[in-house]
Amino acid sequence: MTTSNNFDIILAGGGIMGCAIAYNLLKRDATLRVLIVERDSSYDRSSTVLSDGNTRVQFNLKPNIEMSLYGLEVLATFSEEFATADHTPHIDFRQQGNLYLVNAAGEDFAKQGIATQQSLGCAVEWLERAAIEQLYPLLSLPDDVVGGSFGRKDGSMSPLAVLQGYRRKSMELGATFLEANIAALLKEGDQMTGLRLANGDVYHAPIVFNVTGAWAPILAEPLGVNLPLISLNRQVFTVEIDAHLDEILPMLLLPNGIYLFHEGGSSFIVGGASPDDFVTYDDFSWSRTRFEEQMWEKLVDYLPSFDRLKVTNGWSGLYAINTFDHNAILGEWPGLRGYYCANGFSGHGFQQCHAVGRFSAELILGLPHELDLSMFLAKRIAENRPIYENPARLI
Ligand SMILES: Cc1cc2nc3c(=O)[nH]c(=O)nc-3n(C[C@H](O)[C@H](O)[C@H](O)COP(=O)(O)OP(=O)(O)OC[C@H]3O[C@@H](n4cnc5c(N)ncnc54)[C@H](O)[C@@H]3O)c2cc1C
């Protein structure tokens, strides 16, 4: 063992969570020895880069809304805050707004959400059918749509640029970045001690964050940590319709669960959960048939002009579903000192990285919390206290 293999904190995984936690730690204490271990610096398969890069304040739980509000603050000055000596990040944040169509069954719940969001100062409003049709001229609303919830400041950006911003800045602040495959996280008794790489090298630290995203259970299980996570292959499609729009339309979520991002002109990105999403850690396959058989008709129900379109491309990414309650799992795992989580974000981890990074650093450094996320601590799993975002228990 050489002393250079000794660290105060190891981030196992260098996606958005690993890099955001490293940055927040070093920003508060530049003397910390922080190691980030990431197996693939191209991030080809990381969920962060394969995500839609969207952020929204339209949640029902107050801390989820507050996390997004804090995210908006960070994004507003991202280029300046995350500029390094040789790089200024450009995240292309486009606040086109997110519009969620609501049917009668969802009306009370949506209005409750809007009231909570507005009480926290969010730019969210209820739109009647006529206002929706004006905002989104491609829509032909079925009778069951009673209105919509519109978050004016919700929007999308380049997730790779945000990730690289956190990564470069944390390295400038002193983080060591190692490109290597982790074979195992290590403990002695009930205390974490570090990790072992696939090549046999061992790195030591009393605090290890398992921030390997959808792959987290692979390293957690041998330690006796049973994370309630499943990793699903979730597919996204790019399509061209037979009409050209000069203005960028809002992101649109249909009551049937399908969502669309207008990318400009005639291009859209379409996605959503499918009963055929399958459990995997390494199958990134993608199929046009999935769109044709499961999404197309449901889109046309709301957007008649989508009956003529071309599927031009697509991709799949791993979607880490928290089967316990679909919310973040944060903090130390009960009974295993030094094992820290930032997992289980389901479809909203990218936008929560700013608040999770700050909260995790405050936990480690014993600082007061600027935004208390204690309700998401991992101990709620052992205590069987799920926190649901909505009555359908989905997020
Ligand atoms: C299709 C899709 C769309 C999404 N859209 C959104 C969205 O619009 N908004 C939003 O907020 N969220 C979205 N999400 C969710 C979001 O992408 C994730 O919650 C978030 O990126 C998780 O970040 P992470 O750092 O935990 O995981 P990752 O980005 O996957 O990072 C984990 C890293 O760990 C590394 N790793 C794993 N195992 C090892 C090992 N053994 N050794 C070394 N390194 C290892 C991986 O290479 C990876 O880089 C979406 C997800 C998908 C799949």
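**Section: the site of the ligand**
Phase 1: In the vicinity of the ligand, 37 residues are found, and the nearest of them are Gly13, Gly15, Gly213, Gly317 and Gly349.
Phase 2: Within the residue set of the shell around the ligand, elements represented by two or more residues are α1 (16–28), β2 (34–38), α2 (47–50), β13 (229–245), β16 (309–322) and α11 (349–365).
Phase 3: Residue assignment places the shell around the ligand across two domains, with domain 1 (3–74 + 158–227 + 325–382) and domain 2 (98–154 + 230–322) each supplying three or more.

**Brief notes about the domain arrangement of the protein chain**
Phase 1: Looking at the protein chain, the domain boundaries give domain 1 (3–74 + 158–227 + 325–382) and domain 2 (98–154 + 230–322).
Phase 2: Here the C-alpha centroids of domain 1 and domain 2 sit 29 Å apart.
Phase 3: On the side of domain 2, 27 residues touch domain 1, which itself brings 29 residues to the contact.
Phase 4: Where the side of domain 1 that touches domain 2 is concerned, the elements lending two or more residues are α2, β3 (54–55) and α3 (62–76).
Phase 5: A per-element tally of the side of domain 1 that touches domain 2 places α3 first, with five residues.
Phase 6: For the side of domain 1 that touches domain 2, the residue count by class is 10 nonpolar, 13 polar and six charged.

**Overview of unusual backbone geometry**
Phase 1: Of note in this structure, Asp92 is not a glycine but carries a positive phi near 50°.
Phase 2: One can find Asp92 in the loop between α4 (78–81) and β4 (98–103).
Phase 3: What makes Asp92 exposed here is the crowd of 12 C-beta atoms within 10 Å.
Phase 4: Positive phi values are uncommon outside glycine, yet Asn384 reaches one of about 50°.

**Observations regarding the sheet that holds strand β9 (residues 182–188)**
Phase 1: What the three strands build is an open sheet, ordered β9-β10-β11; its pairing is antiparallel. Looking at strand neighbours, the two that pair on one side only are β9 and β11 (202–204), the edges of this open sheet. Strand-to-strand twist in this sheet, taken as the mean axis angle between neighbours without regard to direction, amounts to 25°.

**Details of the nonpolar core**
Phase 1: Grouped together as the largest cluster of nonpolar side chains are 74 residues, with contacts concentrated most on Ile10, Leu11, Ala12, Ile21, Ala22, Val208 and Leu330.
Phase 2: For this core, the element with the most residues is α1, which contributes nine residues.
Phase 3: Counting contributing residues, this core receives three or more from each of domain 1 (3–74 + 158–227 + 325–382) and domain 2 (98–154 + 230–322).
Phase 4: Leave out the neighbours within four places in its chain, and Ile10 touches Leu35, Val37, Gly194, Leu195, Tyr203, Ala205 and Val208.
Phase 5: The next biggest cluster of nonpolar side chains, apart from the first, holds 36 residues, and it includes Ile65, Tyr100, Phe237 and Val239.

**Details of the pairing of strand β10 (residues 191–197)**
Phase 1: In terms of strand pairing, β9 meets β10 through six bridges, oriented antiparallel. Along β10, the bridge assignment pairs Ile182 with Leu197.
Phase 2: Connecting β9 to the next strand, β10, in antiparallel fashion are two residues, including Gly189 with a positive phi near 60°.
Phase 3: Sheet topology note: the β10/β11 ladder contains three bridges and is antiparallel. Pairing of Leu195 across the sheet is with Tyr203, part of β11.

**Digging into the sheet that holds strand β12 (residues 207–210)**
Phase 1: Taken in spatial order, the six strands of this open sheet run β8-β2-β1-β12-β18-β17, and their pairing is mixed. The open sheet has two free edges, formed respectively by β8 (176–179) and β17 (329–332), since each of these has just one partner strand. Looking at each pair of strands side by side, their axes are set apart by 20° on average, direction ignored.
Phase 2: Strands in contact with α1 are β1 (9–12), β2, β12 and β18 (339–343); relative to β2, the strand with the most contacts, it is inclined by about 170°.
Phase 3: Contacts from α11 reach β1, β12, β17 and β18 within the one sheet, and its direction differs from that of β17 by about 15°.

**Topic: the pairing of β18**
Phase 1: Among the five residues of β18, five are classified as buried, and the element is accordingly described as predominantly covered.
Phase 2: A two-sided burial pattern is seen for β18, the buried positions comprising Tyr339, Cys341 and Asn343 on one face and Tyr340 and Ala342 on the other.
Phase 3: In this structure, β12 lies alongside β18, joined through three bridges in parallel fashion. Each bridged residue has a counterpart across the sheet, and for Phe209 the counterpart in β18 is Tyr340.
Phase 4: Here four bridges tie β17 to β18, and the two strands are oriented antiparallel to one another. Paired with Gly331 across the bridge in β18 is Cys341.
Phase 5: Linkage of β17 to β18, two consecutive antiparallel strands, is achieved through a turn of six residues, within which Gly335 is found at a positive phi near 90°.

**A short note on helix α7 (residues 159–172)**
Phase 1: Its 14 residues give α7 an end-to-end C-alpha distance of 20 Å, which sits within 8% of 20 Å, the value for a rise of 1.5 Å per residue.
Phase 2: Within the sequence span of α7, burial applies to Pro159, Val162, Leu163, Gly165, Tyr166, Arg167, Arg168, Lys169 and Ser170.
Phase 3: As for α7, its buried residues are in contact with α1, α2, α4 and α11.
Phase 4: With its phi angle positive at about 125°, Gly174 sits one or two positions after the end of α7.

**Description of the packing of α3 against α11**
For any two helices packed against each other, one specifies the crossing angle of their axes together with the interaxial distance.
Phase 1: It is the contact of α3 with α11, at a shortest axis distance of 8 Å, that shows an interaxial angle of 85°. Relative to α11, α3 is oriented roughly perpendicular. Only Gln351, Gln352, His354 and Ala355 of α11 make contact with α3, whose side of the interface consists of Met67, Ser68, Tyr70, Gly71 and Val74.
Phase 2: A per-class count over the contact of α3 with α11 returns four nonpolar, five polar and no charged.

Each value, and the rule that gives it
- Residues numbered from 1 in each chain as written.
- Predicted model: local features only at pLDDT ≥ 70, side-chain atom pairs only at ≥ 80, totals over all residues.
- Near = placed C-beta within 6 Å.
- Helix = DSSP H or I, 4+ residues; strand = E, 2+ residues; numbered from the N terminus.
- Domains from an automatic or database assignment.
- Contact = placed C-beta atoms within 7 Å.
- Nonpolar A, V, L, I, M, F, W, Y, C, P; charged D, E, K, R; others polar.
- Buried ≥ 20, exposed ≤ 12 C-beta atoms within 10 Å, placed from the backbone.
- Pairing = 2+ DSSP bridges.
- Axes fitted to C-alpha atoms, helices over the stretch in contact; angles between N-to-C directions.
- Core = buried A, V, L, I, M, F, W, Y, C linked by C-beta atoms within 7 Å.
- Expected span 1.5 Å × (residues − 1).
- Parallel < 35°, antiparallel > 145°, perpendicular 65-115°, else oblique.

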